[in-house]
Amino acid sequence: MKKINMIIVIILIGLITLSAGAYAQEKSPSPSPTPKADSGVPTPTPPLENVPDSKFIQPQKGVSGTDFSMKLKDIESLLGRGEILPGETDFSGNSWIDLVYPKKMLRFKFFNGELSMIIIENPEFGTKGGTHVGGSIGDGIREYGPDFRQEKSIVQSPDPNTQEYELFYDKKGVAFKCRGKIIQKIRLRTPFKIKSRKKK
């Protein structure tokens, strides 16, 4: 009888030990998976290949066959009728006008009637090296080199993937507005000097 009781006690102790171990495993937190780099951050698309003339970006020259020497009517004769939006005018008579093509995602900015800037937001338009909106700023740096200046607001999220900034290649007349490592806009600046009217 004593032997049977001893066997039952040993079995009970074994069962209690097993169940306690299982309970401890259930309650202990499982190790969290290692977070992936850039989790949830959009991936830049690769550089464009064989960009056609109709979508070709040329710093210091223009885009889609337009040229910084062109007037508003010249651009409309080439690209068709666009939307004209008046900008600010100062007391000296200096004025801004925007010629906008929403479907093409192009904006031509005129200062005192002269084309001063072109803004490209269309991801189908690319430079000689295929740099484009939606692509990586690394492609732009690879194409135009490390000689740029950067402007960004100090008050921003500490996450580099959401920070907004702009890289300027002043000598080449091109700038890239970015969010994280993705290009949001490409701006071309005229290589010509545009005279500002002075107050009389």
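Please read these numbers as outputs of a predicted model, since none were measured by experiment.

**Student:** So, the overall build of the protein chain: which residues are in play, and what are the values?
**Tutor:** Secondary structure assignment for the protein chain yields 3 helices and 10 strands. In sequence order, the secondary structure elements of the protein chain are arranged as α-β-β-α-β-β-β-β-α-β-β-β-β. Sorting the 200 residues of the protein chain into buried and exposed places 30% on the buried side. Across the protein chain, contacts joining residues at least 24 apart in sequence account for 47% of those joining residues at least 6 apart. Surface accessibility of the protein chain: about 13800 Å² in total, with carbon and sulfur atoms responsible for 58%.

**Student:** Quick one: what's the story with the pattern of salt bridges, residue by residue and with numbers?
**Tutor:** The final tally for this structure, using the stated rule, is 10 salt bridges. For Glu 114, the salt bridge goes to Lys 71, with nearest N and O atoms at 2.6 Å. Of the two residues, Glu 114 is situated in strand β6 (residues 114-120) and Lys 71 in the loop between β2 (62-63) and α2 (72-79); the sequence distance between them amounts to 43 residues. Note that Arg 142 and Asp 139 form a salt bridge whose closest N and O atoms lie 3.0 Å from each other. Separated by 3 residues within a single helix, Arg 142 and Asp 139 lie in helix α3 (residues 137-144), roughly one turn from each other. One salt-bridge network, in which partners are shared between bridges, spans Arg 149, Glu 151, Asp 170 and Arg 189.

**Student:** Residues and numbers for α3, please.
**Tutor:** All buried positions along α3 are accounted for by Ile 137, Asp 139, Gly 140 and Tyr 144. Projected onto a plane normal to the axis of α3, the buried residues spread over an arc of 150 degrees and lie on a single side. You can read the cap of α3 off the contacts: a side-chain oxygen lies 3.0 Å from the backbone nitrogen of Gly 138, and it is on Ser 136. Of the residues trailing α3, Gly 145 is marked for its positive phi of about 95 degrees.

**Student:** An account of the packing of aromatic side chains is requested, with residue identities and associated values reported.
**Tutor:** Counted under the stated rule, the structure contains 6 aromatic pairs. Between the aromatic rings of Tyr 144 and Phe 176, the centroid separation amounts to 6.0 Å while the plane-to-plane angle is 40 degrees, which identifies the pairing as tilted. Separated by 32 residues along the polypeptide, Tyr 144 in helix α3 and Phe 176 in strand β9 (residues 174-179) bring together distant segments of the chain. Under the relative-accessibility criterion, Tyr 144 is labelled buried at 11%. When its relative accessible area of 0% is taken as the criterion, Phe 176 is described as buried. With 6.3 Å between their ring centres and 85 degrees between their planes, Tyr 169 and Phe 176 make a pair best called edge-to-face. Classification of Tyr 169 as buried rests on a relative accessible area of 2%. Taken together, the ring pairs connect Tyr 144, Phe 148, Tyr 169 and Phe 176 into an aromatic cluster. Arg 149 extends its terminal NZ or CZ atom over the ring of Phe 168, reaching a point 4.2 Å from the ring centre.

**Student:** Could you give me a rundown of the sheet that holds strand β7 (residues 149-152), with the residues and numbers involved?
**Tutor:** Spatial ordering of the open sheet is given by β3-β4-β5-β6-β10-β9-β8-β7, a layout of 8 strands whose pairing is antiparallel. At either margin of the open sheet sits one strand with a lone partner, and together these are β3 (83-89) and β7. Here the strands of the sheet are splayed against their neighbours by 20 degrees on average, with no regard to which way each runs. Of the pairings in the sheet, the one linking β6 to strand β10 (residues 182-189) comprises 4 bridges and is antiparallel in character. If you follow Ile 119 over to β10, its bridge partner there is Arg 187. Each of β3, β4 (95-101), β5 (106-111) and β6 is contacted by α2, which is oriented at about 0 degrees to β4, the strand it contacts most. Lying over the sheet, α3 contacts β8 (164-169), β9 and β10, oriented at roughly 15 degrees with respect to β8.

Calculation rules
Residues numbered from 1 in each chain as written. Predicted model: local features only at pLDDT ≥ 70, side-chain atom pairs only at ≥ 80, totals over all residues. Heavy atoms only, no water. Helix = DSSP H or I, 4+ residues; strand = E, 2+ residues; numbered from the N terminus. Buried < 20%, exposed > 50% of the residue type's maximum accessible area, 1.4 Å probe, protein only. Contact = heavy atoms within 4.5 Å. Areas by Shrake-Rupley, 256 points an atom, 1.4 Å probe, with all protein chains shown as cover. Salt bridge = Lys/Arg side-chain N within 4 Å of Asp/Glu carboxyl O. Arc of directions from axis to C-beta. Polar contact = N/O pair within 3.5 Å; in protein donor to acceptor, adjacent residues only side chain to side chain. Phe/Tyr/Trp six-rings, centres within 6.5 Å; stacked < 30°, edge-to-face > 60°. Lys NZ or Arg CZ within 6 Å of the ring centre and 35° of its normal. Pairing = 2+ DSSP bridges. Axes fitted to C-alpha atoms, helices over the stretch in contact; angles between N-to-C directions.

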